[in-house]
Amino acid sequence: MTYVVTDACIKCKYMDCVEVCPVDCFYEGDNMLVINPSECIDCGVCEPECPAEAILPDTESGLEKWLELNTTFSAQWPNITRSRPAPADADEFKGVDDKFDKFFSPEAGQGD
């Protein structure tokens, strides 16, 4: 088992999860974070820290797409170990449906 970040993170990009991760397995894209599944130790401390409820265990059904996306982009995006403030409009995007199709960006974020 591992944890994955889902589309609930897109355009919200709260970083509360980054600071609590004991193995620094978060990677930053332009408008979301992902977890490297091979680095994640399945401790689960990040899941309750996410205000958007975007982090889920990959054992939940229907998350295959997110496991693949986290695997792919954690290899391309820079590692992030320190949180920064969420985007100013993050709360406006919290709970919006179909964020992947509407807003996903494959561009890398700045990382640490």
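Our subject is the structure listed above.
Residues numbered from 1 in each chain as written. Predicted model: local features only at pLDDT ≥ 70, side-chain atom pairs only at ≥ 80, totals over all residues. Heavy atoms only, no water.

Student: Would you mind going over the overall build of the chain with me for this structure?
Tutor: The helix and strand inventory of the chain stands at four helices and four strands. Across the chain, helices and strands are ordered from the amino to the carboxyl terminus as β-α-β-β-β-α-α-α. What you see for the chain is a C-alpha radius of gyration of 12 Å, in line with the 13 Å of a compact globule of 112 residues. If one aligns the C-alpha atoms of the chain with their principal axes, the spans along those axes are about 30 × 30 × 25 Å. In the chain, buried positions account for 45% of the 112 residues. Considering only residue pairs separated by 6 or more positions, the chain has 76% of its internal contacts joining residues 24 or more positions apart. Each charge sign in the chain was given a centre, from 8 positive and 23 negative side chains, and these centres are 7 Å apart. (Helix = DSSP H or I, 4+ residues; strand = E, 2+ residues; numbered from the N terminus. Rg over C-alpha atoms; globule rule 2.2 N^0.38 Å. Buried < 20%, exposed > 50% of the residue type's maximum accessible area, 1.4 Å probe, protein only. Contact = heavy atoms within 4.5 Å. Lys, Arg positive; Asp, Glu negative; His and termini not counted. Charge placed at Lys NZ, Arg CZ, Asp CG, Glu CD.)

Student: Looking at this structure, how should I read helix α2 (residues 64-74)?
Tutor: Within α2, burial applies to W66, L69, N70, F73 and S74. Around the axis of α2, the buried residues are gathered within 115° of arc, so they sit on the same side. Opposite the buried face of α2, at more than 90 degrees from it, the exposed residues are E64 and E68. Of the surrounding elements, those touching the buried residues of α2 are β1 (3-5), β2 (26-28), β3 (33-35) and α4 (99-103). (Arc of directions from axis to C-beta.)

Student: Please clarify how the packing of aromatic side chains should be interpreted in this entry.
Tutor: Counted under the stated rule, the structure contains six aromatic pairs. Each ring, one from F73 and one from W77, has its centre 4.8 Å from the other, and the planes form 35°; the classification is tilted. Here W77 falls in the buried class, since its relative accessible area comes to 4%. The rings of W66, F73, W77, F100 and F104 are connected pair by pair, giving a single aromatic cluster. (Phe/Tyr/Trp six-rings, centres within 6.5 Å; stacked < 30°, edge-to-face > 60°.)

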